[in-house]
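Below, each chain spelled out in residue letters.
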Amino acid sequence: MHTISRLLTTGAIALAAVLPIQMSMSSCSNTNAAPADDFNYQVDRFADIEVLRYKVPDFDSLSLQQKCLVYYLTEAALWGRDILWDQNYRHNLAIRDLLENIYQNYSGDRNSADYKNFEKYLKQVWFANGIHHHYSNDKFTPAFSREFFNEQVAALPEGTVPENIAELTEVIFSPTLAAKKVNLAAGQDLVVTSCNNFYADGITQAEVESFYDRMKNAAIAANDSTPISYGLNSRIEKRDGKLYEQTYKIGGLYSDAIEEIVRNLRKATKYAENPQQLEVIETLIDYYTTGDLRTYDDYSIKWAKDTLSQVDFINGFIETYGDPVDLKGSWESIVNFKDFEASKRTEALSSNAQWFEDNSPVNPLYKKDNVKGVSAKVITAAILAGDSYPATPIGINLPNSRWIRRDHGSKSVTLANITNAYEMAAKGSGFNEEFVIDEETLNLINNYLAYTDELHTDLHECLGHASGRLLPGVAEDALRAHGSAIEETRADLFALYYLADPKMIEIGLIDNPEAYKAEYYKYILNGMMTQLMRIEPGKDIEEAHMRNRKLIAEWVYEHGKADNVIELVKKDGKTFIKINDYEALRGLFGQLLAEIQRICSTGDYDAACNLIETYAVKVDPELHNEVLERSKKLNMAEYKGFVNPVYTPVFDDKNNITDIKVSYDEGYIDQMLRYGKQYHGLK
Ligand code: ZN
């Protein structure tokens, strides 16, 4: 991965998915968490998915101008939906139309197994923005029969059956056709074996790499210290044996959807909060109009520097996780506004960044003399769209361009209302009662975990990733395939170490010196046990964040054994984590942080490899099985996502907007069907 953005994010989602938390307001004066209420957070539950809804607290405290700005930005966000579907796989949109058509035309028995399985499949496809699982990238296997499907197709009104129905049917039912959206298996042609739509059929990985290497090498030869993000906004086609780019822009690929995005961005400009923000939006429009990646960089710099506006948004081809060779940006958008009260937290961390760097347990050789405070804020999400919907990050750190980060900085945000919705929805799932060892620890968790979890995220994002330096001559990718896992380990350890520091009380971020124990307990429990819920029996741990958490938990367990710092205790045949010495545990986090920073600073690949292989990959089959059995009883979903609120403008008789109303009563199916009709940008 050439980017550190969103790494936290995926991990944090995993945390939220794996360890629901009981909220208690008593200790959380610094959070904007809503008190327990009758808001219905749970929307739907199917397969391995739970769909939630989130609140947009304080939307009504925005000015009318800001509300209008948010409204048109959310419209611009929703209009990009079809782009992502098409990027994910070239038949996704046709299949979605077909499935929705069948669903709405169905008049048979709604209790039949085939129908229920068909509905489940459609819900899965909606959630994944296509026919491949959003996380595993494997194609969904329909549990309804082919006969049932054929009957439903035959029953569709005339003229609504697509011409290539035979091909689409084959795509849905064949286990081998388009089996993997993104393939990352070593030793294979990743472009040929991934069925996403960034490259036309028949194009090989070697062709793609040489196509872009030529551009990158030309930039290096010309001493270009500010290279564009080559290939970010295009699809690759081949004509007469030669590759060429189809650029996503007005008049180019995805023009119809992009025109709608731009139309709404233009409306948003009328409500910009200040000239800087106006320039940000206008530069984005310019980029969508020309497809010029220099303009995209210009936009990204302006966006990173706009820290004064309360309303903010991302909108574009941003993350490259969907492309196995890490070039093509998947379309996404999030609209949000700053939570001033909660942002005091991240500001307190940023303004003390140098103190944290100077006082860390790391060898001074590997520290930064001058830590640039990362601009960080806590935000309220107003809409999630494209690749951030329905599954969403809970933190964002952009832009991705290395030189922009180096020369102009980045913006780091935490999506507080999303985190809060996870927590509220998890109330009463019985998870903590099942896995936490005793009443005392349970109380700690109930009282402090919601808040210390947020603080951990802030520390990880604002300070963890920003700390430390590479020794001269050490390449940024010296740790190769282990780079991501080790980088996340470093940021997590920085956060864990400082969560227990008296400095946190001194700068007013924690009011109880015991609070950190809630996070420590959860971290070890998750790293050693509960995250195994997401691993299939017999499989190793592969994902970088899961490896990072396992590495830390297993390492401190092992190194604290002589002093009995952490114990695995059996009660009624069940395994529990018991932490006997929290202070010693903090010391171990500090020791490991020092070692991990040494590995990063010196590019010690062998040591990284050794740590990963010893602690982060292999799963104890017996404990794994136990965790699976215990969690199965709780009927918990492995993955969570959200429906959006609905924004409705109120007009006066002269057609002026007098207010924007927000409502939360739309269900999952209704929202998906409505989006499919209302924002069908590509047909
Ligand atoms: Zn991270």
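Structure report, in brief.

## Overview of the environment of Asp-477
With respect to the element layout, Asp-477 can be found in the loop between helix H18 (439–464) and helix H19 (483–499). On a C-alpha basis, the gap between Asp-477 and Lys-570 in space is 43 Å, while along the polypeptide they are 93 residues apart.

## Some words on the nonpolar core
Grouped together as the largest cluster of nonpolar side chains are 127 residues, with contacts concentrated most on Ile-83, Phe-149, Leu-265, Tyr-288, Leu-384, Leu-415 and Ile-418. For this core, the leading source of residues is helix H2 (residues 64–78), giving nine residues. Discounting chain neighbours no more than four positions away, the residues touching Ile-418 are Tyr-54, Ala-381, Leu-384, Thr-392, Pro-393, Ile-394 and Phe-642. Membership of the second largest hydrophobic core comes to 85 residues, among which are Phe-431, Ile-566, Val-617 and Val-619.

## Description of the packing of aromatic side chains
Within this structure, the stated rule accounts for 40 aromatic pairs. When the ring of Tyr-72 is compared with that of Tyr-271, the centres are 5.9 Å apart and the planes differ by 10°; the resulting orientation is stacked. Of the two residues, Tyr-72 sits in helix H2 while Tyr-271 sits in the loop between helix H10 (255–269) and helix H11 (275–290), which places them 199 residues apart along the sequence. Looking at Tyr-72, the relative accessible area reads 11%, which means it is buried. Ring centres of Trp-126 and Tyr-668 lie 6.1 Å apart, and the angle between their planes is 85°; on these two criteria the pair is classed as edge-to-face. Here Tyr-668 lies in helix H26 (residues 668–678) and Trp-126 lies in helix H5 (residues 113–128), a separation of 542 residues in the sequence. The pair formed by Trp-126 and Tyr-668 is uniform in burial state, with each residue classed as buried. Through pairs of rings, three or more aromatic residues link up here, namely Phe-46, Tyr-103, Tyr-106, Tyr-115, Phe-118, Tyr-121, Trp-126, Phe-144, Phe-148, Phe-149, Phe-173 and Tyr-668. Sitting over the ring of Trp-355, Lys-503 keeps its end group 4.4 Å from the ring centre.

What counts, and at which threshold
- Residues numbered from 1 in each chain as written.
- Predicted model: local features only at pLDDT ≥ 70, side-chain atom pairs only at ≥ 80, totals over all residues.
- Heavy atoms only, no water.
- Helix = DSSP H or I, 4+ residues; strand = E, 2+ residues; numbered from the N terminus.
- Core = buried A, V, L, I, M, F, W, Y, C linked by side-chain atoms within 4.5 Å.
- Buried < 20%, exposed > 50% of the residue type's maximum accessible area, 1.4 Å probe, protein only.
- Contact = heavy atoms within 4.5 Å.
- Phe/Tyr/Trp six-rings, centres within 6.5 Å; stacked < 30°, edge-to-face > 60°.
- Lys NZ or Arg CZ within 6 Å of the ring centre and 35° of its normal.

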